[in-house]
Amino acid sequence: MPFSEFSDQQQIIDYVTQHIDYFTDDSTLQVTELSDGNLNYVYRISDAGGNSLILKQTPPYIRVIGDGWPLTQDRARIEYNSLKRTAERCPQRVPKMYHYDAEHCVILMQDIGDHDNLRELMIQRVRLPDLAAQLADYLAVTKFYGSGMGLASGEHKQLVRESQNPDLCQIHEEVFFLDPFCDHERNDVNPALRDEAEAFWQNNDLKREVAILKRRYMSDTEALLHGDLHTGSVFANQNSCKVIDMEFAFCGPAGFDTGVLLANFLLNYCGQNNLPGDADERAGYQDWLLTTISELWQRFSQRFSNLMQQHCVDPSLSDAGYQQWYLQQLWQDTLGYAGVEISRRTVGIAHVADIASIESETARADSERLALKIAESLILRRSEIQSPAQLADTVRQLNS
Ligand SMILES: Nc1ncnc2c1ncn2[C@@H]1O[C@H](COP(=O)(O)OP(=O)(O)OP(=O)(O)O)[C@@H](O)[C@H]1O
Ligand SMILES: [Mg+2]
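Residues numbered from 1 in each chain as written. Chains lettered and ligands numbered in written order. Predicted model: local features only at pLDDT ≥ 70, side-chain atom pairs only at ≥ 80, totals over all residues.

Undergrad: Let's hear about the site of ligand 1: which residues, and what values?
TA: Taken together, 20 residues are adjacent to ligand 1, and G37, N38, L39, N40 and D245 come closest. At the level of elements, β3 (52-57) and β7 (106-110) are the ones that each hand at least two residues to the shell around ligand 1. Residues belonging to the shell around ligand 1 are distributed by class as follows: eight nonpolar, seven polar and five charged. (Near = placed C-beta within 6 Å. Helix = DSSP H or I, 4+ residues; strand = E, 2+ residues; numbered from the N terminus. Nonpolar A, V, L, I, M, F, W, Y, C, P; charged D, E, K, R; others polar.)

The structure is reproduced here in structure tokens:
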């Protein structure tokens, strides 16, 4: 049957009531569209009693463009499988899933409206005391149990096969690893940053290192990744955080997820130089961001190392020396992929509100200049910056 979008709110309500028994009083149901990303339709269905759920539907194209840019609907299956897998190991870190419909490319899930978009929270300089611990645990558990260290060899290979996501990976191969490092027509460059962007595109050492990182992204099937773990994919409040939007999931290098997340903390750091508000408060928040990165990495590596020591399915990978080497390598990959994410969010097609919301072109360029300097250092000096403390020193020096 050909795919069809819901043409009105009643069709959405009918779909929900016919497929799950969630609401007690169907007569008061209302639909609100939440779609604020680019790719899919997202709706909240709620009743008068305060109960609600979320319907996400994946069209065979990019929602904000339409038929002119087709995109595989297999991304709904990828997102569903990844949510399911995460729920098995970290149920508190994802919305509960109520229903998946492969034919209509629909997922019905828990409404996590009591959480806010982490990017928005960071722009408002909200401090979340448990965020580092919660994300570190999510990252360590999902990367470990999505790899050949936590899964039997056959299971891991099966996971690699069923997580093939060539179309969405190709988007990242282009907008993440290609465009930001050349004068590509898709790029969106602040005119006040033009000179720095031109110099960035001339840096051949940078291009070589990005190619090394890209080859790993394209060929290393180490662990099941979220694949797009920026702060807009994390929803949080003072007690909890949850991760959504897993359609870019595939088996790739574990440092890609940790790197993208860390990059988005650093992009907020750069934005804080020019976002509105008191200067001391903004500087204080920048310190909080660097402390949170450090705590996240310490907790992540501790948890990962415990998992390696106690639950590694392959005895040859339990060797203590190897485990130490592995975590150091993962840190270097994290820095490298963080540098690439910062680059693409600064001179590529998709910017982040932490910087893009700064109204003045020159003030925005000031934050973007710092972002490019940090990106370049992380990519080129990823083997020299050996710890979060050294990373914090590097960032502070570049910002001085
Ligand atoms: N389970 C949920 N509970 C509450 N709100 C949600 C939930 N899932 C999604 N949303 C809302 O819908 C928005 C879009 O969701 P999501 O990021 O999954 O869509 P997308 O179209 O895949 O986005 P993108 O184009 O960035 O990939 C989120 O920013 C959030 O506001
Ligand atoms: Mg998405």
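Undergrad: Requested: an account of the sheet that holds β7, with residues and values cited.
TA: Note on sheets: strands pair through backbone hydrogen bonds, and any given pair is parallel or antiparallel. Sheet architecture is open: five strands sit in the order β1-β2-β3-β7-β6, paired in antiparallel fashion. Of all strands in the sheet, those bounded by a partner on one side alone are β1 (30-33) and β6 (97-101). Put simply, the sheet's adjacent strands are angled 20° from each other on average, direction ignored. The pairing of strand β2 (residues 41-46) with β3 spans six bridges and is classified as antiparallel. Counted as the bridge partner of Y43 is L55 from β3. Those strands touched by helix α1 (residues 9-19) are β1, β2, β3, β6 and β7, and its axis lies near 70° from that of β2. (Pairing = 2+ DSSP bridges. Axes fitted to C-alpha atoms, helices over the stretch in contact; angles between N-to-C directions. Contact = placed C-beta atoms within 7 Å.)

Undergrad: Tell me what's going on with unusual backbone geometry, and back it up with residues and numbers.
TA: Backbone geometry at R125 places phi at a positive 60°, although glycine is not the residue there. Locating R125 in the fold gives a position in the loop between α3 (118-123) and α4 (131-145). Even without glycine at this site, D245 takes up a positive phi of about 60°. In this structure, D245 sits in the loop between β11 (241-243) and β12 (250-252). By C-beta crowding, D245 is classed as buried, having 23 other C-beta atoms within 10 Å. (Buried ≥ 20, exposed ≤ 12 C-beta atoms within 10 Å, placed from the backbone.)

Undergrad: Any chance you could break down the nonpolar core for me, citing the residues and the numbers?
TA: Among soluble globular proteins, nonpolar side chains are generally buried collectively. With 104 residues, the main nonpolar core has L135, L266, A371 and I374 as its most contacted residues. Examining the composition of this core, we find that 10 residues originate from one element, helix α9 (residues 255-272), more than from any other. Structurally, this core is a two-domain feature, drawing no fewer than three residues from each of domain 1 (9-110) and domain 2 (116-398). Among residues more than four places away in sequence, those in contact with I374 are L266, C270, I342, V395 and L398. (Core = buried A, V, L, I, M, F, W, Y, C linked by C-beta atoms within 7 Å. Domains from an automatic or database assignment.)

Undergrad: Would you mind going over the sheet that holds strand β8 (residues 116-117) in detail, with residue names and values included?
TA: Pairing within the open sheet is antiparallel, and its three strands lie in the order β8-β10-β11. The open sheet has two edge strands with one neighbour each: β8 and β11. The pairing of strand β10 (residues 234-236) with β11 spans three bridges and is antiparallel. By the bridge assignment for β11, V234 is matched with V243.

Undergrad: Report on the domain arrangement of the chain, specifying residues and quantitative values.
TA: Each assigned domain of the chain is listed with its residue range as follows: domain 1 (9-110) and domain 2 (116-398). Averaged C-alpha coordinates put domain 1 and domain 2 at centres separated by 27 Å. If you look at the interface, domain 1 gives 17 residues, while domain 2 gives 18 residues. Across the side of domain 1 that touches domain 2, the residue classes tally to seven nonpolar, five polar and five charged.

Undergrad: Talk me through the pairing of β6; I want residue IDs and the actual numbers.
TA: When β6 meets β7, the two strands line up antiparallel, connected through four bridges. Within β7, the residue paired with H99 across the bridge is L108. Once β6 ends, the chain turns through four residues before running back antiparallel as β7, passing C105 with a positive phi of about 55°.

Undergrad: Kindly report on the packing of α9 against helix α10 (residues 279-311), identifying the contributing residues and their values.
TA: Two numbers describe how α9 lies on α10: the axes approach to 9 Å, and their chain directions differ by 170°. One finds that α9 runs roughly antiparallel with respect to α10. Seen from above, α9 lies across α10 with left-handed handedness. Residue-level inspection shows T258, L262, F265, N268, Y269 and Q272 of α9 in contact with α10, the latter providing R282, Y285, Q286, L289, T292, I293 and F300. Of the residues contributing to the contact of α9 with α10, the split by class is seven nonpolar, five polar and one charged. (Parallel < 35°, antiparallel > 145°, perpendicular 65-115°, else oblique. Left-handed = near helix turned anticlockwise from the far one by under 90°.)

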